[in-house]
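These are the residues of each chain, in order.
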Amino acid sequence: MFGGVFGGGSQKPAGQMAPGGMGGGMGGGMGQAQMDPNAQLAAAEQEMEMVTDMFARLGDLCYRKCLIQRYSDEELTKAESVCTDRCVAKYFQVNREVSEKLAKLSQTN
């Protein structure tokens with residue numbers, strides 16, 4: 001659903017997330033097919049909370065950084081649009097890199 005942001009760009013069935021994707025970070029390597037339904041629901045709720053929180057932080061950060069606070073036009077200016085695009089891309093890049101580093105650290109421990 002989120003393409004390269006969370007799952008490495010591939011559409012995989014549940015329990016087969018790409019390495020470094022958000023779906024596999026908290027499960028300790030256990031596939032969802034091995035979890036009981038209550039644990040699957042709890043994991044899905046936790047992931048939904050994480051995604052919702054991330055989008056809220058992303059929206060707030062890029063809004064404060066890129067959008068002019070006086071609304072003279074109903075459309076984004078070119079500068080606002082470019083800034084927002086770059087802000088979102090950088091946010092996701094950093095998020096992916098941090099997730100990958102944390103996954104590597106958790107594998108070594």
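The preceding data block contains the structure.
Predicted model only: the values in this text are computed from it and were never measured. (Residues numbered from 1 in each chain as written. Predicted model: local features only at pLDDT ≥ 70, side-chain atom pairs only at ≥ 80, totals over all residues. Heavy atoms only, no water.)

A.B. asks: For this particular structure, what's the right way to read the overall build of the protein chain?
C.D. replies: Helices and strands together make up the secondary structure of the protein chain, namely two helices and zero strands. Burial status across the protein chain gives 15% buried among its 109 residues. Long-range pairs, those at least 24 residues apart, make up 49% of the contacts in the protein chain between residues at least 6 apart in sequence. Entry remark: accessible area of the protein chain is about 8,400 Å², with carbon and sulfur atoms responsible for 56%. (Helix = DSSP H or I, 4+ residues; strand = E, 2+ residues; numbered from the N terminus. Buried < 20%, exposed > 50% of the residue type's maximum accessible area, 1.4 Å probe, protein only. Contact = heavy atoms within 4.5 Å. Areas by Shrake-Rupley, 256 points an atom, 1.4 Å probe, with all protein chains shown as cover.)

A.B. asks: Before we go on, may I ask you to explain the layout of surface pockets in this structure?
C.D. replies: If a probe as big as a water molecule is rolled over the atoms, it shows which places are left empty. The calculated volume of the second largest pocket comes to roughly 160 Å³. Lining the second largest pocket, in full, are Leu67, Ile68, Arg70, Tyr71, Ser72, Asp73, Glu74, Glu75, Leu76, Thr77 and Glu80. Among the residues forming the lining of the second largest pocket, the class breakdown is four nonpolar, two polar and five charged. (1 Å grid on protein atoms, 1.4 Å probe; cavity = no way out; pocket = protein on both sides within 12 Å on 5 of 7 lines; lining within 4 Å. Points joined across faces, edges and corners; volume = space filled by probe spheres on them. Nonpolar A, V, L, I, M, F, W, Y, C, P; charged D, E, K, R; others polar.)

A.B. asks: What am I meant to see in the packing of aromatic side chains here?
C.D. replies: Overall, the coordinates contain two aromatic pairs when judged by the stated rule. Measuring from centroid to centroid gives 6.2 Å for Phe55 and Phe92, while their planes differ by 75°, and the two rings are edge-to-face. Remark: Phe92 occurs in helix H2 (residues 78–108) and Phe55 occurs in helix H1 (residues 37–66); sequence separation between them is 37 residues. Judged by its relative accessible area of 34%, Phe55 is partly exposed. Summarising the aromatic geometry, the rings of Tyr91 and Phe92 are spaced 6.2 Å apart at their centres and angled 80° between planes, so their arrangement reads as edge-to-face. Summarising the burial analysis for this pair, Tyr91 and Phe92 share the class buried. Every member of this aromatic cluster is reached through a ring pair, and the members are Phe55, Tyr91 and Phe92. (Phe/Tyr/Trp six-rings, centres within 6.5 Å; stacked < 30°, edge-to-face > 60°.)

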